[in-house]
Each structure stands twice: as structure tokens, then as C-alpha cells.
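Fold and contact review
Here's the letter readout for the chains.
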Amino acid sequence: LHLASFTDDMRRRGLDPATLVRSLESRPPPPATQAALRLADGARAWRLERLRLAGAAPMALEIGWYPESLLPGLDRHDLTGSLYALLTSAYGLAVDRGEQTVWAEVATEETAGPLAVPAGAPLLVSRRTSSAGPQLVEHVTSWYRGDRYQVHMALDRVTV
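This section reports on the structure supplied with the text. Keep in mind the model is a prediction, meaning the values are calculated, not measured. (Residues numbered from 1 in each chain as written. Predicted model: local features only at pLDDT ≥ 70, side-chain atom pairs only at ≥ 80, totals over all residues. Heavy atoms only, no water.)

**Quick look at the pattern of salt bridges**
Pairing between side chains of opposite charge can happen when the charged atoms of each approach one another. The condition that has to hold: Throughout this description, the term salt bridge denotes a Lys or Arg side-chain nitrogen within 4 Å of a carboxyl oxygen of Asp or Glu. Under the scheme used here, helices are H or I runs from DSSP no shorter than 4 residues and strands are E runs no shorter than 2 residues, and both carry numbers assigned from the N terminus. Think of it in three bands: residues with accessible area under 20% of the maximum for their type are buried, residues over 50% are exposed, and the middle band is partly exposed, with areas taken using a 1.4 Å probe on protein chains only.
Scanning the model with the defined rule gives 8 salt bridges in all. Between Arg22 and Glu49 there is a salt bridge, and its shortest N-O distance comes to 2.8 Å. With Arg22 in strand E1 (residues 17–27) and Glu49 in strand E2 (residues 45–54), this residue pair connects regions lying 27 residues apart in the sequence. Under the relative-accessibility criterion, Arg22 is labelled partly exposed at 45%. Glu49 is the salt-bridge partner of Arg47, the closest N and O atoms lying 3.3 Å from each other. Assessed through its relative accessible area of 13%, Arg47 is described here as buried. By relative accessible area, which is 11% here, Glu49 ends up buried. What you see here is one network of salt bridges that share partners, running through Arg22, Arg47 and Glu49.

Listed below in C-alpha cells is the structure:
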């Protein structure tokens, strides 16, 4: 596994990435996100919902949270490209580390529609918290279509 933006991942796979911004708003994050980003009580975060396309077809639905204090004016930027590239160029925050959990679930009515799959279709879900140096910058959940996405891992035997 390696840390890469969706845009870079799709290009590496030979697919043409695109993004539709479904919503962006500043609001208090839910408790799990507040804890993951180590935000103080009352802190606000950007909630960004995007539909990620590959080859003009839906690939993933993402809901990401980003500390507003780190990213003032995020709503004035083009959020249809690589967010990691934007964080680096506009805010000096180069994402260089992340922790991610992956699991399977079935599509709900809420996730099925945007992904153009029937409710009950298999999805691969990931939740990642990313940082730029010591600064936590992202807490994002992504629902990937199980019929279009796979994860590749290189494994090495480590002797202790």
C-alpha cells in the first residue's frame, strides 16, 4: 500500500479521473471526527462530499473533514482535482502520512444512488486520517464500488 491521492491512483491505473463536488460546508464535526483530528471543543471543520469518477463512471463517494483553522478560504478553491496537490500548493501542507482502515459493506440507499449501483451492492469502504508532518489535516471515509475497485498490497515476511 502507498499513500496517493485518488487522482494519482486512477492515473496510475490508466483511468481518467474526475470529481463532482456534491457539497462543502463549515460546521462542527461529529465527535469521532473531532477526536480523530484532535480538534478542540467548538472547533469547526470543512465537510466536503465528492463523487469521484474514473473513465466518466462513478468509482467512489467520499465524505472528508478538514480543520477550518488550517484551511481558511477552502470554499474559494477548485475542489475537483487532487485535494492533496491543493493542500500542498495553497496551504503548504504536504500530506505525507496516513492511517487507514478498510472493510466491506453493502450499499445503502444513501450510497447506492451516487455510485450508480443497486442498494445491497458490495462496497469497499476506507476511513483514513492523514497528516502533513505533525499536523492532522484529513479524516475521510470513501465508499468504493466493489465491481470497479481493488486494493493491491505487496507483502514481505519480517522476522523478529
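**Digging into unusual backbone geometry**
At Arg38, a residue that is not glycine, the phi angle is positive and equals roughly 55°. Along the chain, Arg38 falls in the loop between helix H2 (31–36) and E2. Judged by its relative accessible area of 69%, Arg38 falls in the exposed class. Look at Ala56: it is not a glycine, yet its phi comes out positive at around 70°. By the element assignment, Ala56 lies in the loop between E2 and strand E3 (57–67). Residue classification places Ala56 among the exposed residues on the basis of a relative accessible area of 72%.

**Regarding the environment of Ser126**
Heads up, the condition is: When checking whether two residues touch, look at their non-hydrogen atoms; a contact exists if any pair is within 4.5 Å.
Secondary-structure assignment places Ser126 in strand E5 (residues 122–132). Spatially, the C-alpha atom of Ser126 lies 8.2 Å from that of Tyr144, the residues being 18 residues apart in sequence. With sequence-adjacent residues up to four places away left out, Ser126 is seen in contact with Gln100, Thr101, Val102, Trp103, Val140, Thr141, Ser142 and Tyr144.

**Some remarks on the nonpolar core**
We apply this condition: The set of buried Ala, Val, Leu, Ile, Met, Phe, Trp, Tyr and Cys residues whose side-chain atoms join them within 4.5 Å is what this entry labels a nonpolar core.
Among the nonpolar cores identified, the biggest contains 17 residues, and Ala107, Leu115, Val117, Leu123 and Trp143 are the most heavily contacted of them. Secondary structure elements with two or more residues in this core: E2, E3, helix H4 (109–115), E5 and strand E6 (135–145). If near-sequence neighbours (up to four positions away) are discounted, Trp143 is found in contact with Met59, Ala60, Leu61, Ile63, Glu105, Thr111, Leu115, Leu123, Leu124 and Val125. With 16 residues, the next largest nonpolar core counts Leu79, Tyr91, Val95 and Ala132 among its residues.

**Remarks on the sheet that holds strand E4 (residues 97–106)**
The cut-off we apply is this: Pairing between strands is defined by DSSP: at least two bridges between them are needed. Fitted lines through C-alpha atoms serve as axes, helices being fitted only where they are in contact, and the angles separating the N-to-C directions of these axes extend from 0 to 180 degrees.
Spatially, E1-E2-E3-E6-E5-E4 is the arrangement adopted by the 6 strands of the open sheet, whose pairing is antiparallel. The open sheet terminates on both sides in strands that have one partner only, identified here as E1 and E4. Pairwise comparison of adjacent strand axes, ignoring direction, gives a mean angle of 15° for this sheet. Here 10 bridges tie E2 to E3, and the two strands are oriented antiparallel to one another. When the bridges of E3 are listed, Leu51 appears paired with Leu61.

**Structural notes on the environment of Glu110**
The residue Glu110 is located in helix H4 in this model. Look at Glu110 and you get exposed, because its relative accessible area is 66%. Between the C-alpha atom of Glu110 and that of Ala32, which follows or precedes it by 78 residues, the distance is 20 Å.

Shape is all these values report; function is a separate question.
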